[in-house]
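# Observations on chain architecture
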Amino acid sequence: MNLSFKDLRFIIEAIEHQINAYQERLQVIEDVDEDEAADLGNDIKFLELLHADMTTTLEQNTSVKNLSYGEVFSPAQNDKFSETSKKISFQELV
């Protein structure tokens with residue numbers, strides 16, 4: 001599955017929100033329901049690992065990349081600019 005930058009940011013933010021919600025719930029039930037507390041603790045650890053993995057993926061996919069000028073445009077436009085294409089970085093593009 002290919003996820004865009006926006007997709008990944010949205011998912012990471014949702015994971016952060018879910019971790020916070022689980023942590024708040026854990027504080028409420030920690031001394032009351034040990035089974036649910038253990039389940040929440042496991043879910044929090046899983047979400048933290050998932051968060052770290054997705055953050056790493058996002059950072060790797062948004063590092064400075066050299067793109068040719070033609071790669072930025074559609075194939076129809078690419079033909080027009082193929083002779084004048086130049087290398088630009090992702091940061092220049094944005």
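These remarks concern the structure in this document.

Reading the values: rules and limits
- Residues numbered from 1 in each chain as written.
- Predicted model: local features only at pLDDT ≥ 70, side-chain atom pairs only at ≥ 80, totals over all residues.
- Heavy atoms only, no water.
- Core = buried A, V, L, I, M, F, W, Y, C linked by side-chain atoms within 4.5 Å.
- Buried < 20%, exposed > 50% of the residue type's maximum accessible area, 1.4 Å probe, protein only.
- Helix = DSSP H or I, 4+ residues; strand = E, 2+ residues; numbered from the N terminus.
- Contact = heavy atoms within 4.5 Å.
- Expected span 1.5 Å × (residues − 1).
- Polar contact = N/O pair within 3.5 Å; in protein donor to acceptor, adjacent residues only side chain to side chain.
- Axes fitted to C-alpha atoms, helices over the stretch in contact; angles between N-to-C directions.
- Parallel < 35°, antiparallel > 145°, perpendicular 65-115°, else oblique.
- Left-handed = near helix turned anticlockwise from the far one by under 90°.
- Nonpolar A, V, L, I, M, F, W, Y, C, P; charged D, E, K, R; others polar.

## What about the nonpolar core?
Ranked by size, the top nonpolar core spans 12 residues in total: Leu8, Ile12, Ile15, Ile19, Leu26, Ile29, Ala37, Leu40, Ile44, Leu47, Met54 and Leu58. Those elements that place two or more of their residues in this core are helix H1 (5–29) and helix H2 (34–61). The residues contacting Ile44, other than those within four sequence positions of it, are Ile19, Tyr22, Gln23 and Leu26.

## Thoughts on H1
Taking 1.5 Å of rise per residue, 25 residues should cover 36 Å, and H1 covers 36 Å from first to last C-alpha, within 8% of that figure. For H1, the set of buried residues is Leu8, Ile12, Ile15, Ile19, Leu26 and Ile29. Along its buried surface, H1 packs onto H2.

## Describing the environment of Ala52
Structurally, Ala52 is set in helix H2. Residue classification places Ala52 among the partly exposed positions, given a relative accessible area of 39%.

## Some thoughts on H2
With 28 residues, H2 should reach 40 Å at 1.5 Å per residue; the first-to-last C-alpha distance of 40 Å fits that figure. Those residues of H2 not exposed but buried are Ala37, Leu40, Ile44, Leu47, His51, Met54 and Leu58. Its buried side turned inward, H2 meets H1. The opening residue of H2, the one whose side-chain oxygen lies 3.3 Å from the backbone nitrogen of Asp35, is Asp33.

## Some details on the environment of Tyr22
Here Tyr22 is to be found in helix H1. With relative accessibility at 22%, the residue Tyr22 sits in the partly exposed group. Along the backbone, Tyr22 and Asp43 are 21 residues apart, and their C-alpha atoms lie at a distance of 8.1 Å.

## Overview of the packing of H1 against H2
Here H1 crosses H2 at 160 degrees, and the two axes come no closer than 9 Å. The angle between H1 and H2 places the two elements in the roughly antiparallel class. Crossing angle aside, the handedness with which H1 passes H2 is left-handed. Residues of the contact of H1 with H2, tallied by class, amount to 16 nonpolar, 6 polar and 6 charged.

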